[in-house]
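Geometric and topological summary
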Amino acid sequence: MLGFLQARAIAGLEWVADDCYYRSISLDGTHGTIAVRPGAGHALEVTIRFPRLAALPAIIARLRRVFDLAADPEIINRQLAEDPLMSTLTAARPGLRVPGAWDGFELAMRAVLGQQITVTAAVKLAGKLVQQYGEPLHEIAVDRPGLTHVFPQAERVAAADLATLGMPRTRAATLSGVAAALVANPRLFDTRASLEEAVLTLRELPGIGDWTAQYIAIRQLRETDAFPAGDVGLMQAIAQHEGDRPNARQLTERAEAWRPWRAYAAQHLWASIV
């Protein structure tokens, strides 16, 4: 989990060091920070610095989503292990969980920025977005120097010309369009009645295809069966383990055996790529 978060840590917003994940947070305009590290046994040790005690339940709920604490790996692995490939992968990482998102809008921006470019390039663009349009933290802690800003608000992104950050105008328009859609519908990234309904709603947004919708469904909506069958990394992982690289249709058919835990199968495949 720390490896996943570190590879995607946005400068100014997140920081991973000494087996600890730090990030800035903003709830209703109030700023704070969190620090999460492995605790004793099967637990996380969390330090929260936030001026409003009443926000603690909401912060804990988000942390549970980010670290997928509601998952039961034993149940998931038992189902996945019926497939020979997944049996090998789950044995290699028996406690693997699917990293979630702190905030739906932030995750959607990350997903759009990651369209057709590397993780490193997407993270660099996200850092520019945070520095340019994110609000500076009200207080910068001496022991958390890497945290300087909170993630931009949707209203500001919707009105900005993001192409100046160094991305194609079509992608900049998608980011602004998603932000405007959230401003118009604050419940845009809330859980839907079904995975199909969630993906359909997301795909109605300008510039959002199936891959992006499925990725948002996995990390924000916590849909355990979401599966971005067109993902190049998943195809590469299958080719690495089994020799033949599938296309999206073939991968979709193969993934039927992994229901209702296709999101976890995808995470195992991503984690196994060398």
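Residues numbered from 1 in each chain as written. Predicted model: local features only at pLDDT ≥ 70, side-chain atom pairs only at ≥ 80, totals over all residues. Heavy atoms only, no water.

**A look at the overall build of the protein chain**
Within the protein chain, the regular secondary structure consists of 13 helices and four strands. Taken over the C-alpha trace, the protein chain has a radius of gyration of 19 Å; the compact-globule value for 274 residues is 19 Å, and the two agree within 12%. Its C-alpha atoms give the protein chain principal-axis dimensions of roughly 50 × 45 × 35 Å. A total of 274 residues make up the protein chain; the buried ones form 49% of that total. Taking as baseline every contact in the protein chain between residues at least 6 positions apart, the subset at least 24 positions apart corresponds to 60%. For the protein chain, the centre of its 28 positive side-chain charges and the centre of its 29 negative side-chain charges are spaced 4 Å apart. (Helix = DSSP H or I, 4+ residues; strand = E, 2+ residues; numbered from the N terminus. Rg over C-alpha atoms; globule rule 2.2 N^0.38 Å. Buried < 20%, exposed > 50% of the residue type's maximum accessible area, 1.4 Å probe, protein only. Contact = heavy atoms within 4.5 Å. Lys, Arg positive; Asp, Glu negative; His and termini not counted. Charge placed at Lys NZ, Arg CZ, Asp CG, Glu CD.)

**Considerations on the layout of surface pockets**
There is about 820 Å³ of room inside the largest pocket. Around the largest pocket sit 28 residues that line it, and G114, I117, V119, W211 and D231 are the ones nearest its centre. Broken down by secondary-structure element, the contributors of at least two residues to the lining of the largest pocket are α5 (104-113), α6 (119-133), α10 (210-219), α11 (232-242) and α13 (262-272). A breakdown of the residues in the lining of the largest pocket according to their chemical character gives 14 nonpolar, nine polar and five charged. (1 Å grid on protein atoms, 1.4 Å probe; cavity = no way out; pocket = protein on both sides within 12 Å on 5 of 7 lines; lining within 4 Å. Points joined across faces, edges and corners; volume = space filled by probe spheres on them. Nonpolar A, V, L, I, M, F, W, Y, C, P; charged D, E, K, R; others polar.)

**Some points on the side chain of T33**
Its location among the elements puts T33 in strand β3 (residues 30-38). Of note is the side chain of T33, whose polar atom sits 2.5 Å from the side chain of R144. Residue contacts for T33: discarding those within four places in its chain leaves R23, S24, I25, T47, I48, R49, L137, R144 and L147. (Polar contact = N/O pair within 3.5 Å; in protein donor to acceptor, adjacent residues only side chain to side chain.)

**Observations regarding the nonpolar core**
Within the largest apolar cluster, 82 residues are counted, with the highest numbers of intra-cluster contacts made by I59, F105, L162, F189, W258 and L269. Per-element accounting of this core gives the leading share, seven residues, to α5. Those residues in contact with L269, other than ones at most four positions away along the chain, are L85, M86, L89, L234, A237, I238 and W258. Residues C20, Y22, L137 and L147 belong to the second largest nonpolar core, which totals six residues. (Core = buried A, V, L, I, M, F, W, Y, C linked by side-chain atoms within 4.5 Å.)

**As for the pairing of strand β4 (residues 44-49)**
Note: β3 against β4, six bridges, orientation antiparallel. Considered in β4, the bridge of I34 is made with I48. Hairpin connection, β3 to β4: the antiparallel pair is bridged by five residues, and G41 has positive phi, about 70°. (Pairing = 2+ DSSP bridges.)

**Looking at the packing of aromatic side chains**
With the rule as written, the count across this model stands at six aromatic pairs. On the numbers, 5.3 Å between centres and 5° between planes, the contact of W211 with Y215 is stacked. Highlighted residues: W211 and Y215, both in helix α10, separated by four residues, approximately one helical turn. Since its relative accessible area comes to 26%, W211 is described here as partly exposed. Aromatic side chains F227 and W258 sit 6.0 Å apart centroid to centroid with 65° between the ring planes, which places their arrangement in the edge-to-face category. Of this pair, F227 sits in the loop between α10 and α11 while W258 sits in the loop between α12 (248-254) and α13, and the two are 31 residues apart along the sequence. (Phe/Tyr/Trp six-rings, centres within 6.5 Å; stacked < 30°, edge-to-face > 60°.)

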